[in-house]
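Each chain, letter by letter, is given below.
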Amino acid sequence: MCQKSHSTTLQLSFLESVEKVLVMHGLLRAYSPGDIIIGGLFPIHLKTNRTTANGPISCSMFLRTQVMIYAIREINQHTVRILPNFTIGYDIYDTCGDVGLALRATLQLLKNQSDPQRCLLPANIHSALPDPQTKVVIGERYSEVSIAVSRVLALSSVAQISYGSTSEVLSQKLKFPTFLRTISSDEYQTKAIAELVNRFNWKTVAIVGSNDEYGKYGSDRLGDTFRRMDICVEFTDILPSYFFQNDSRTHARLATLVSKINKSTAEAIITFTKGSNIEIIMEAAIKLRLNRTWIASDSWSTSPKVSALPGVELAGQVFGFISKRNEVPGFKDYIISMFNSTINDILEDYLVQFPLCSNWCLANYIDHDESYNIYLAVQVIAEGLRRLLKCDNQHCKRNTKFTASELLKEIQKVNFTVNSTHIFFNTNGDPNLGYDIVYWHMDISTRIIYKYNIALILFCPSKVTVYNCEECQSCGLEKYSTQQRDECLNKTLEFLYWTDPFIIILSLLEVFGIIVTIVFTILFTVYRNTPIVKAVGGYLCFLELFSLLACFSLTFTFTGRPTKVSCMVGLPLFGIAFSLCISCILANLLQILVGFSFELNKGSWLKKLNKPLAVVTIVSGIQLALCVPWLYYKPPFLDQEILSMTILLQCDKGSTKFFIAMLGYNAFLALICFMFAFKGKQLPDLYKNANLITISMLLFLIIWILFIPIYLNLVGKYKRAIESAAILISSYSILGCHLAPKCYIMLFRKEINNENAITEYIRKHYEVTNSPLKIVNITQIPNTQNISPLSLW
């Protein structure tokens, strides 16, 4: 604030100049005649007590009135006239930010100024209201005041263009048909704030609003937005209307609020209220060294008074939202030159209060947001008049006898560029302007630099939209917008590429497994008549090898770009193939148990089960009966997950019930094999068949018990790689534990691959165990279905 003088008397004079200065009905007013009059409503004084002695002048708000006067002068004095042969005048009132005073000023603006004594309403109240000389009004700043003013102006269809009222309530055209603005609606500001919270990945916030149109609707909108985003709002505190008065009631209310903030675990405190309320809160935050993260709405994000508070860095860091910033061309020079000899009532009042404040000092208070919005509002009005009066550079085809509603319609249709700003209004009267984020850079030497721009918040708050100069268009699900929101880029497809190091390792293991399985098949074919092959189950071992070959081959369907076919066949066919493998092992174990069972009752029961082909058919057939309906009714299918910048291609398992049934059945078979193999460990076992099967089945069970929770919780492209790895480990467990030792014997331990070695091993086994059975001839060992005991290892 500039240094205030101690003058207690306001001297007002009427100056004999082109611009008339007068005070009417206790309202500070600046008036300049013209063919067309633009009204202005500004809260020049910070507050009022409804007497002739108002509060101090706000330097920044005073300058904003001068922006309007300056912009009108520029239009009138421009070398190439926008409105040839016409002069624009102004009628500006100080509202002190008070609804009552703003309504009094509005009623004065709506009077027909050719007859100042004429009442607003005609004698016959049912007749039409007179069309006022003031055809358009710039203002007010505060949403609460603009709402009241707009209802009055709408009676005469007078356009109202606000430079600072952001409440989204004013976008409701049924209630406020003549309201427009050159600042973005709070609807977009709340979305931008939510986007900032999301970018920082904050999960808990607190909201401080106020009991006015700006604060209440902004707070409500934020709360709704955060709930949809699953962000916790720890508390919402709505300040009462008396809070800015800073009296005893305020102090009691402030103590409650500060206590909430101090105890809060919120990662950010979002404030959606007037700057006068924030000054009180921040003073307390400094005193208590709260050191929190504050998010400032546009009402105070660049407040010089708040930023100049001593020790403001103790309150914490501040992120703020401001309208798109720009400089009013030539205005700073206009201020430095002491307004080019311009004089008006508001300027006189300022000079009385601040006689020692230099023009250079005043120039430091020029802002580049609301001031530019006022400048835009004047340019919009001029463009509307140019269209309405059908003007070119030489003359206008129409005269000034037009109605306020005619001008309103033309203003609503403007679509042009002012300097670098393209402006138009949508159907709600809102412009296409956006927001910048500022970060209050705390520095002990300079205390605060608040113009440090760190990011740009879109015109379009959504992550998937792009701005095309006139409206926000969706990039669609398969594209995303650049950070500048000026282009849509294709999302990249994400899946398990063959060049991925993990996939390369899996592929090598898959190829190696296929080669080893083929080599084993050749060896088993060459040695098919030897005892070692019979011990593995004879012809059953070839079914086992075939199923393992199928399992290794199916792992390729889990890598690379998924397709409809690869998704469908992968899991179900693995379930069928692996159950065939386990059923062969189970049939082999039954052969061994029957061959060495000497208890008649038990032997009789097992004898009925010792039908290898029937066992394999029935056991694997049950799995087939589970997987075929799965493939028919709800098979696995190709799915895609839309992410922010990528599209993840993946396979959905289809029916969860069938998937669990398939895995559960294979696990059940593995458990049965494990129990039979564990039971068979006490039998004579030259080739350690039972021991090896026990290990392989135990590995299978452990792998799939670990796989299920990992599979259910894993997200991303590597989910399918985990499936492939689980199948590989399961297949290698059988290949390595059950079949590989047999091939080793075929090649390197041929001396034990004959009947004599087996006979001797059985005889010694029973002698060591002190069995009462004395085996004289091998044919004495019970046989089942002409299967020699030699085939049971």
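Residues numbered from 1 in each chain as written. Predicted model: local features only at pLDDT ≥ 70, side-chain atom pairs only at ≥ 80, totals over all residues. Heavy atoms only, no water.

Tell me about the overall build of the protein, and please be specific about residues and values.
Looking only at helices and strands, the protein has 23 helices and 23 strands in total. Residue burial in the protein is summarised as follows: out of 793 residues, 54% are buried. In the protein, the proportion of contacts linking residues at least 24 apart, taken out of those at least 6 apart, comes to 72%. When the accessible surface of the protein is totalled, it reaches about 36,000 Å², and 58% of it is carbon and sulfur. (Helix = DSSP H or I, 4+ residues; strand = E, 2+ residues; numbered from the N terminus. Buried < 20%, exposed > 50% of the residue type's maximum accessible area, 1.4 Å probe, protein only. Contact = heavy atoms within 4.5 Å. Areas by Shrake-Rupley, 256 points an atom, 1.4 Å probe, with all protein chains shown as cover.)

Run through the confidence of the model for the protein, naming residues and quoting values.
Looking at the protein as a whole, the pLDDT averages 78, with 78% of positions reaching at least 70. Confidence drops under a pLDDT of 50 for residues 1-25, and excluding neighbours within four residues, the segment shows 55 contacts in the predicted structure. Residue range residues 444-458 is modelled with pLDDT below 50. Its contacts to residues more than four positions away, or to other chains, number 42 contacts. (pLDDT = per-residue confidence, 0-100.)

So what's going on with the sheet that holds strand β21 (residues 492-494)? Residues and values would help.
The pairing of strands in a sheet happens through backbone hydrogen bonds and is either parallel or antiparallel. Spatial strand order, β21-β23-β22: three strands in an open sheet with mixed pairing. Edge strands, defined here as strands with exactly one partner in the open sheet, are β21 and β22 (637-642). Here the strands of the sheet are splayed against their neighbours by 30 degrees on average, with no regard to which way each runs. (Pairing = 2+ DSSP bridges. Axes fitted to C-alpha atoms, helices over the stretch in contact; angles between N-to-C directions.)

Can you break down the packing of aromatic side chains residue by residue, with the values?
Applying the stated rule across the entire model yields 21 aromatic pairs. Residues Y70 and Y334 carry aromatic rings whose centres are separated by 4.9 Å and whose planes lie at 45 degrees to one another, so their mutual orientation is tilted. One end of the pair, Y70, is in helix α1 (residues 59-77); the other, Y334, is in helix α9 (residues 331-336), and 264 residues separate them in sequence. Residue classification places Y334 among the buried positions, given a relative accessible area of 2%. The structure contains a cluster of three or more aromatic residues connected by ring pairs, namely F200, W202, F319 and Y439. (Phe/Tyr/Trp six-rings, centres within 6.5 Å; stacked < 30°, edge-to-face > 60°.)

So what's going on with helix α7 (residues 275-287)? Which residues, and what values?
Compared with an ideal rise of 1.5 Å per residue, which puts 13 residues at 18 Å, α7 spans 18 Å between its outermost C-alpha atoms and is within 8% of the ideal. The element α7 is extensively covered by neighbouring structure, given that 10 of its 13 residues are classed as buried. Restricting attention to buried positions, one finds in α7 the residues G275, N277, I278, E279, I280, I281, M282, A284, A285 and I286. Phi turns positive one or two residues past the end of α7, at R289, with a value near 50 degrees. (Expected span 1.5 Å × (residues − 1).)

Outline the UniProt feature "transmembrane region" (unreviewed entry) in the protein, listing residues and values.
Sequence positions flagged by UniProt for "transmembrane region" (unreviewed entry) are, in local numbering, residues 502-527, 539-559, 571-593, 613-633, 658-678, 690-712 and 724-741. Annotated as 100% helix and 0% strand, the span residues 613-633 places its first and last C-alpha atoms 30 Å apart. (UniProt positions renumbered as here; feature names shortened; annotations may be inferred.)

Requested: an account of the nonpolar core, with residues and values cited.
One finds F62, M68, F331, I335 and I411 to be the most contacted residues of the largest nonpolar core, which totals 67 residues. Counting 66 residues, the second-largest nonpolar core is a separate cluster that includes F578, A721, L735 and M746. (Core = buried A, V, L, I, M, F, W, Y, C linked by side-chain atoms within 4.5 Å.)

Describe helix α2 (residues 99-110), listing the residues and the values that go with them.
Because an α-helix packs 3.6 residues into every turn, residues spaced three or four apart end up facing the same way. Taking 1.5 Å as the rise per residue, α2 with 12 residues should run 16 Å; its terminal C-alpha atoms sit 16 Å apart, in good agreement. Those residues of α2 that sit buried are L101, A102, A105, T106, Q108, L109 and L110. Put simply, D98 is the residue that caps the front of α2, since its side-chain oxygen is 3.0 Å from the backbone nitrogen of G100. (Polar contact = N/O pair within 3.5 Å; in protein donor to acceptor, adjacent residues only side chain to side chain.)

Lay out the side chain of S566 in plain terms, naming residues and giving numbers.
Among the secondary structure elements, S566 is positioned in helix α17 (residues 564-595). Reaching out from S566, the side chain makes a polar contact with the backbone nitrogen of T563 at a distance of 2.8 Å.

Describe the packing of α2 against helix α3 (residues 143-153), listing the residues and the values that go with them.
One way to put it is that α2 packs onto α3 with a least axis distance of 9 Å and a crossing angle of 30 degrees. As summarised for this structure, α2 and α3 are arranged roughly parallel, according to the angle between their axes. α3 is crossed by α2, and the crossing has right-handed handedness. Every residue of α3 that contacts α2 at V99, A102, L103, T106, L107 and L110 is listed here: E144, V145, A148, V149, V152 and L153. Here the contact of α2 with α3 is built from residues that sort into 10 nonpolar, one polar and one charged. (Parallel < 35°, antiparallel > 145°, perpendicular 65-115°, else oblique. Left-handed = near helix turned anticlockwise from the far one by under 90°. Nonpolar A, V, L, I, M, F, W, Y, C, P; charged D, E, K, R; others polar.)

Go over the pairing of strand β4 (residues 88-94), please, and point to the residues and values.
Side-chain positions along a regular strand alternate between the two faces of the sheet. Of all seven residues making up β4, seven are buried, and the element is well covered by its neighbours. Going residue by residue along β4, you find I88, Y90, I92 and D94 tucked away on one face and G89, D91 and Y93 tucked away on the opposite face as well. In this structure, strand β3 (residues 36-42) lies alongside β4, joined through seven bridges in parallel fashion. Each bridged residue has a counterpart across the sheet, and for G40 the counterpart in β4 is I92.

I'd like to hear about unusual backbone geometry, residue by residue, with values.
What you tend to see is this: most non-glycine residues have negative phi, and most peptide bonds are trans. Of note, the bond from G139 into E140 is cis; its omega dihedral lies within 30 degrees of zero at -5 degrees. Among the secondary structure elements, E140 is positioned in the loop between β5 (134-138) and α3. With a phi angle near 70 degrees, N85 is a residue other than glycine that sits in the positive phi range. In this structure, N85 sits in the loop between α1 and β4. According to the relative accessible area criterion, N85 is exposed, its value standing at 67%. One non-glycine residue, N291, lies in the positive phi region at around 50 degrees. Accessibility expressed as a relative area gives 57% for N291, which makes it exposed.

Help me get a handle on a nonpolar patch on the surface, residues and values and all.
A grouping of L698, I702, L706 and I710 is seen on the molecular surface, where their side chains present a nonpolar patch of about 340 Å² in accessible area. Along the polypeptide, L698 turns up in helix α21 (residues 689-713). Using a relative accessible area of 39% as the deciding quantity, one classes L698 as partly exposed. (Patch = residues over 30% accessible without salt bridge, like charges linked within 9 Å, V, L, I, M, F, W, Y side chains within 5 Å. Salt bridge = Lys/Arg side-chain N within 4 Å of Asp/Glu carboxyl O.)

Requested: an account of the pairing of strand β9 (residues 232-239), with residues and values cited.
Alignment of strand β8 (residues 204-210) against β9, held across seven bridges, turns out to be parallel. The partner of V205 across the bridge, within β9, is V233.

Give me the environment of N326: which residues, what numbers.
Structurally, N326 can be placed in the loop between β12 (316-323) and α9. Distance from N326 to S420, taken between C-alpha atoms, is 8.8 Å for residues 94 residues apart in sequence. Discounting chain neighbours no more than four positions away, the residues touching N326 are H368, Y372, S420 and T421. There is a polar contact of 3.3 Å between the side chain of N326 and the side chain of S420.

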